[in-house]
Amino acid sequence: MAAGAPRVFVSHLAGVPVFDPNGDQVGRVRDLVAMLRVGGRPPRLLGLVVEVLSRRRIFLPMTRVTGIESGQVITTGVVNMRRFEQRPTERLVLGEFLDRRVRLVETGEEVTVLDVSIQQLPARRDWEIDKYFVRKGKGGALRRKGETLTVEWSAVSGFSLEEVGQGAETLVATFERLRPTDVANALHHLSPKRRAEVAAALDDDRLADVLEELPEDDQVEIIGKLKEERAADVLEAMDPDDAADLLSELPEEDKERLLTLMRPDDAADVRRLMSYEERTAGGLMTTEPIILRPDATVADALARVRQADLSPALAAQVYVCRSPDETPTGKYLGTVHFQRLLRDPPYALVSSIVDSDLVPLAPDTPLPAVTSYLAAYNLVSAPVVDESGSLLGAVTVDDVLDHLLPEDWRETDFHSEERVAGGR
């Protein structure tokens, strides 16, 4: 950025794409790295934490940033693909500065940091944090009504102190447009203290979606720090198979206590899933596929498929069963695939276009056989039916992949090669 250019507020950088000089996207900005300095000097901005396409987080020095404009960052093209590791003297601006409570030097009044601005020094490639956008008041109802103002770095104190009870509202706001997988990745790289604060600030449904994408250790850590009533609410909001997997990692007494606090219907689904061996169709399945009665129409099926909270795998087909139309149901009659729904008139009954030739999976079908079944028939989801012919649930390809990949796949990169060798 040229000298004298307008300052940049860091909240506007969260998630923006990073491009090399040829216009190829390198990744997206996930945080900024700053170093506090002595003598009242503004913090120096060292670089950006960039999440590349393989989900690896790398460090991009500000000396290699040639432009920040129009919602994008341009680099020199020389990028070290080594994983970013935060050093003791470094601070993450989005993760640690936003929502922090500090004091105005002049009055001693407590304020909350809502945003931070950065600016390039004249005739140099160095960057500094120069101003803070703050709100007066301690939070809660007063936070919304408090006066906001922009102040110089030197006008506040408190960044060198360990924050206790730091809020997370502004950081959560930067996550608003991110997919649950990306929020989970961001949470995984925060400190345990900050991770708990952000989890507490997310609503139940959002936290449930994020938990489903986190490694098991992080899931157990977060659920263990929530109040039991809220932990039960979050478990209810999770897909039953993911909730069952999480509960299976908890001590027996904690598991039973949370199941008791859950709604009886939700707890019953989870208990049923936990009764199956983990690496079988019963242990992998979800108990909430789309189920229709034989007299439902194509229009009814398409309306169900359009529900926004359904995963693509579950929306790819509907299962036709006699009443009741929830698992475990009456007799399973067959499957109608999404493409068939698009080819037939809206008034047609699903019972007239059902595919009943495909033999469903039994709940004790082992994982290798489930994998072969999906691959052989080119399916992204398959019904699980018991000996009496009742639909128990559906196995989706994403759950199968979760169990085929290494246990730590969420914490490792899809690719390990470096784009350009070099050290930080």
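A quick note: this is a predicted structure, and the numbers were derived from the prediction, not measured.

Participant: Got a minute to help me understand helix 4 (residues 180-188) in this structure?
Facilitator: Each turn of an α-helix holds 3.6 residues, which means side chains three or four residues apart point in the same direction. Among all positions in helix 4, only Asp 182, Val 183, Ala 184, Asn 185, Ala 186 and Leu 187 are buried. In this structure, the buried side of helix 4 is in contact with strand 3 (25-35), strand 4 (44-52), strand 5 (57-61), helix 5 (192-201), helix 6 (204-211) and helix 7 (216-225).

Participant: Please explain the sheet that holds strand 14 (residues 291-292) as it appears in this structure.
Facilitator: Hydrogen bonding along the main chain pairs the strands of a sheet, whether they run parallel or antiparallel. If you trace the 3 strands from one edge of the open sheet to the other, you get 14-15-16, paired in mixed fashion. This sheet does not close on itself; its edge strands, each paired only once, are strand 14 and strand 16 (332-337). Note: strand 15 (residues 317-321) against strand 16, 5 bridges, orientation antiparallel. Bridge pairing in strand 16 places Val 318 opposite Val 336.

Participant: Teacher, can you tell me more about the layout of surface pockets here?
Facilitator: To find leftover empty space, a probe the size of one water molecule is rolled over the atoms. Here the largest pocket is characterised by a volume of approximately 1,500 Å³. As for the largest pocket, its lining consists of 45 residues, and the residues nearest its centre are Glu 212, Asp 239, Asp 309, Ser 311 and Leu 314. For the lining of the largest pocket, the secondary-structure elements that each account for two or more residues are helix 4, helix 6, helix 8 (228-237), helix 9 (240-247), helix 11 (264-274) and helix 16 (397-404). The dominant element in the lining of the largest pocket, judged by the number of residues it contributes, is helix 16, at 5 residues. Taken together, the residues of the lining of the largest pocket sort by class into 16 nonpolar, 7 polar and 22 charged.

Participant: When you look at the packing of helix 6 against helix 8 in this model, what are you seeing that I'm missing?
Facilitator: When two helices pack together, their arrangement is given by the angle between the helix axes and by the axis-to-axis distance. At a minimum axis separation of 8 Å, helix 6 and helix 8 run at an interaxial angle of 65°. For the element pair helix 6 / helix 8, the angle class is roughly perpendicular. Regarding helix 6 and helix 8, the two cross each other, and that crossing is right-handed. Taken together, the residues of helix 8 that come into contact with helix 6 (itself represented by Asp 204, Asp 205, Leu 207, Ala 208 and Leu 211) are Arg 230, Asp 233, Val 234 and Ala 237. When its residues are assigned to classes, the contact of helix 6 with helix 8 shows 5 nonpolar, no polar and 4 charged.

Participant: I tried to follow the packing of aromatic side chains on my own but got confused; where do I start?
Facilitator: Working definition: an aromatic ring pair is given by the centre-to-centre distance plus the angle between the planes. Counting across every chain of the model gives 4 aromatic pairs. Ring geometry for Phe 59 versus Phe 84: centroids 6.3 Å apart, planes at 20°, classification stacked. Here Phe 59, found in strand 5, pairs with Phe 84, found in the loop between strand 7 (72-75) and strand 8 (90-92); they are 25 residues apart in sequence, far enough to count as distant. Look at Phe 59 and you get buried, because its relative accessible area is 10%.

Participant: Any chance you could explain the side chain of Arg 195 here in plain terms?
Facilitator: Among the secondary structure elements, Arg 195 is positioned in helix 5. Once residues lying within four places of it in the same chain are set aside, the contact partners of Arg 195 are Leu 187, His 188, Leu 190, Asp 218, Glu 221 and Ile 222.

Participant: Can you help me understand the pairing of strand 6 (residues 65-69) in this one?
Facilitator: Look at any regular strand and the pattern is simple: side chains alternate between the two faces of the sheet. Sheet analysis places strand 6 next to strand 7, joined by 4 bridges and oriented antiparallel. Counterpart to Val 65 in the pairing with strand 7 is Thr 75. Taken together, strand 6 and the strand that follows it, strand 7, pair antiparallel across an intervening segment of 2 residues, in which Ser 70 is found at a positive phi of about 50°.

Participant: Teacher, can you tell me more about the pairing of strand 17 (residues 381-385) here?
Facilitator: Among the 5 residues in strand 17, 5 count as buried, and that is most of the element. Because side chains alternate across strand 17, one face comprises the buried residues Ser 381, Pro 383 and Val 385, and the other comprises Ala 382 and Val 384, equally buried. Sheet analysis places strand 17 next to strand 18 (residues 391-396), joined by 5 bridges and oriented antiparallel. From the neighbouring strand, Ser 381 faces strand 18, where its bridge partner is Thr 396. The loop that links strand 17 with its antiparallel partner strand 18 comprises 5 residues; one of these, Gly 389, has a positive phi angle of about 90°.

The rules we used
Residues numbered from 1 in each chain as written. Predicted model: local features only at pLDDT ≥ 70, side-chain atom pairs only at ≥ 80, totals over all residues. Heavy atoms only, no water. Buried < 20%, exposed > 50% of the residue type's maximum accessible area, 1.4 Å probe, protein only. Helix = DSSP H or I, 4+ residues; strand = E, 2+ residues; numbered from the N terminus. Contact = heavy atoms within 4.5 Å. Pairing = 2+ DSSP bridges. 1 Å grid on protein atoms, 1.4 Å probe; cavity = no way out; pocket = protein on both sides within 12 Å on 5 of 7 lines; lining within 4 Å. Points joined across faces, edges and corners; volume = space filled by probe spheres on them. Nonpolar A, V, L, I, M, F, W, Y, C, P; charged D, E, K, R; others polar. Axes fitted to C-alpha atoms, helices over the stretch in contact; angles between N-to-C directions. Parallel < 35°, antiparallel > 145°, perpendicular 65-115°, else oblique. Left-handed = near helix turned anticlockwise from the far one by under 90°. Phe/Tyr/Trp six-rings, centres within 6.5 Å; stacked < 30°, edge-to-face > 60°.

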